[in-house]
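Chains, contacts and geometry: an overview
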Amino acid sequence: MSLITPSIDPQLADIAPGFRALSILVEATPISHPEVAPAALAQACQQMLNDDVPWANAHLSDWDEVFKAFGAKPKRTPCSAAALRKRVLKDGSLPSLDPVVDIYNAVSIRYAIPVGGENLSAYSGAPRLTLADGSEPFDTFKEGQPVVEHPEPGEVIWRDDLGVTCRRWNWRQGIRTRLDSQAQSMWFILESLPSMPLAALEEAGEELVYNLQRLMPGATAQVQLMELA
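None of the values given here were measured: they were computed from a predicted structure.

The rules behind the values
- Residues numbered from 1 in each chain as written.
- Predicted model: local features only at pLDDT ≥ 70, side-chain atom pairs only at ≥ 80, totals over all residues.
- Heavy atoms only, no water.
- Axes fitted to C-alpha atoms, helices over the stretch in contact; angles between N-to-C directions.
- Helix = DSSP H or I, 4+ residues; strand = E, 2+ residues; numbered from the N terminus.
- Parallel < 35°, antiparallel > 145°, perpendicular 65-115°, else oblique.
- Contact = heavy atoms within 4.5 Å.
- Phe/Tyr/Trp six-rings, centres within 6.5 Å; stacked < 30°, edge-to-face > 60°.
- Buried < 20%, exposed > 50% of the residue type's maximum accessible area, 1.4 Å probe, protein only.
- Lys NZ or Arg CZ within 6 Å of the ring centre and 35° of its normal.

Between helix α1 (residues 36–50) and helix α3 (residues 80–91), whose axes approach to 10 Å, the crossing angle comes to 80°. Compared by their axis directions, α1 and α3 come out roughly perpendicular. For the pair α1 and α3, the contacting residues are C45, M48 and L49 in the first and R85, V88 and L89 in the second.

This is the structure we're talking about:
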């Protein structure tokens, strides 16, 4: 399995005290049980609507405050978990996109936690969470056309040696490192604040790995807890 050592800029302790995350590296195998993914997604949507986790509202409210702390406007660009859950509240479910994406979206919805999934083979250097200087390129789509944007100076970003891989902490992923079920080396990041219990974060990681290994029997996973000092 490939080795990866993501890093978190210590300056972020002033923006999100107590931030912690699970970094999970998965070496994929061929998908042999695709039915696992839509079932997990549908179950997560129903659990959110009928038996939600007790920390959900507090956790998402805390993410709003973190976004405000680095100048983002959460009503316009919310954290990824809030955006997914808003769609579930509106429509009662979320459409299936890709087996691997469905599984990590299910964890995000169920546990009210931002979850990122990345194609590690597309990375240049290790992922790092840091503050942007504004010059970093970010590849995305605008009005259906590929464009290169740049973050605001001081914006919290995930990046590698080539540029931004996710803007506004966990709001929007870039195209270059986007994950789908064709990837071999998959990297997932589950991002939590203190209002989400550590045991719940660990449980979310276990569920992600469990469902990925049901989807792809024989897939292997490495899990690392990351914390701001």
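Quick look at the packing of aromatic side chains now. Counted by the stated rule, this structure contains nine aromatic pairs. Both rings, one in F19 and one in W169, keep their centres 5.0 Å apart while their planes meet at 65°; by these two values the pair is edge-to-face. Remark: W169 occurs in the loop between β8 (164–167) and β9 (172–173) and F19 occurs in the loop between β1 (7–8) and β2 (20–27); sequence separation between them is 150 residues. In terms of burial, F19 and W169 fall into one category: buried. Judged by centre distance (6.2 Å) and plane angle (80°), the ring pair of Y123 and W187 falls under edge-to-face. Taken as a pair, Y123 in the loop between β3 (115–119) and β4 (128–131) and W187 in strand β10 (residues 185–192) lie far apart in primary sequence, 64 residues in all. W187 shares its class with Y123; the two are buried. One aromatic cluster is present, built from ring pairs that chain together F19, W63, F67, F70 and W169. The ring of W171 has R168 lying over it, and the distance from NZ or CZ to the ring centre is 4.9 Å.

Glancing now at unusual backbone geometry. Look at A112: it is not a glycine, yet its phi comes out positive at around 50°. Looking at A112, the relative accessible area reads 0%, which means it is buried. Even without being a glycine, R168 presents a positive backbone phi close to 45°. With respect to the helices and strands, R168 occurs in the loop between β8 and β9.

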